[in-house]
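Examination of the molecular architecture
Below are the chains, spelled out letter by letter.
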Amino acid sequence: HGEDLGSLLAAIKTARKQWLIPGVALVAFFIWGESIIIWYMMGSYGIHLKKRICFLFSSVGFFFSCITPSASGGQPMQIYYMKKEKISIPVSTVILMIVTITYKAVLVVIGVLICFLGGDFLRGYLGDYMWVFYLGVGLNVFCVTFMMILVFAPGLAKWIMVKGLKIIEHVRILKPKKARLEKLEASMDQYHATAAFWASHKRIILNVFIITFVQRCILFTVTYWVYRALGLHEYGILTVTILQAVISVSVDMLPLPGGMGISETLYMVMFVPVFGPLLLPSMLLSRGISYYGQMLISALMTCVAHLTIGRKNEEIQRM
């Protein structure tokens, strides 16, 4: 708003395409990375799927995560499409829960490392917005801790959930229903299954964490490729990648679809010394590739998933 669109588009047009192509390719690789994790963990259950099917599962998750607050819509839709491929809900739930825990754990590790090793460095870029970063780290730590309690202390988790439900019913936010309580207690069985898998497949969990770490870091480098596309070269890939990682850690748990608004605000604050007068064009290119590019690719693959997944099973049932 309030910017000269002509000069803005002119600056974007000057970007060298050969540097933008790796950024787009890495977004596709980011989606593919989760599909490899799903394929790998399905194999541990003796479920042998084609990698392209897992890529469709991954795309569905990213698309619905992009368009729903706190990425809440991704996993339910993945479970829906996995069910169409005759994958049981308990198995898909355990796999996706582990994917979520490792995904959040990677952000926690990155955030904590930056807090302890780069606090002064970061303060020079974030200034008065440091509280947003600390809030993001805190929310991610809370989320991972809570999920760990659900997995490894199911008795405590069940007590917390039941007690919380009773308090909500007591203050009349919800009407008391016995069926709701029974459903809540039954859902806790999924966490028992996750704990059992975690205990008996430690090497797999470690491998998933490593793949996820690489997957996340690859997406963070998109801003560097934009930086080079605009003809800049003073800052190295490590600095630019760390700054982009800080934005992701800060906004990941905020209840906004794709972190809209706050992601752009932090970018326009942090990258001032990096991009200078090319700050706004760089933000549009970086955000366009890493978020909207990801959403477009995953949307197209979601359409493919809707048209192909489960079709063979439906045809067999008709016969």
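To keep things clear, this report deals only with the structure shown in the data block. (Residues numbered from 1 in each chain as written. Predicted model: local features only at pLDDT ≥ 70, side-chain atom pairs only at ≥ 80, totals over all residues. Heavy atoms only, no water.)

Focus: the overall build of the protein
When its secondary structure is counted, the protein shows 17 helices and 0 strands. Residue pairs in contact within the protein that sit at least 24 positions apart in sequence constitute 73% of those at least 6 positions apart. Carbon and sulfur atoms make up 69% of the accessible area of the protein, which totals about 16,200 Å². (Helix = DSSP H or I, 4+ residues; strand = E, 2+ residues; numbered from the N terminus. Contact = heavy atoms within 4.5 Å. Areas by Shrake-Rupley, 256 points an atom, 1.4 Å probe, with all protein chains shown as cover.)

Digging into the pattern of salt bridges
Enumeration over the complete set of coordinates arrives at 1 salt bridge. The partner of E264 in a salt bridge is R287, and the shortest N-O contact between them spans 2.9 Å. Note that E264 is positioned in helix α14 (residues 262-270) and R287 in helix α16 (residues 279-308), a separation of 23 residues in sequence. When its relative accessible area of 17% is taken as the criterion, E264 is described as buried. Note on R287: relative accessible area 15%, which makes it buried. (Salt bridge = Lys/Arg side-chain N within 4 Å of Asp/Glu carboxyl O. Buried < 20%, exposed > 50% of the residue type's maximum accessible area, 1.4 Å probe, protein only.)

Some thoughts on the packing of aromatic side chains
Per the stated rule, a full pass over the model turns up 16 aromatic pairs. Plain terms: the ring middles of F29 and W32 are 5.1 Å apart, the flat faces sit at 45 degrees to each other, and that makes the pair tilted. Within this pair, F29 and its partner W32 are both found in helix α2 (residues 17-44), separated by 3 residues, close to a single helical turn. Within the aromatic cluster, the residues linked to one another by ring pairs are W19, Y224, W225, Y227, Y235, Y267, F271 and F275. Across from the ring centre of W19, 4.4 Å away, lies the NZ or CZ of R228, which sits over that ring. (Phe/Tyr/Trp six-rings, centres within 6.5 Å; stacked < 30°, edge-to-face > 60°. Lys NZ or Arg CZ within 6 Å of the ring centre and 35° of its normal.)

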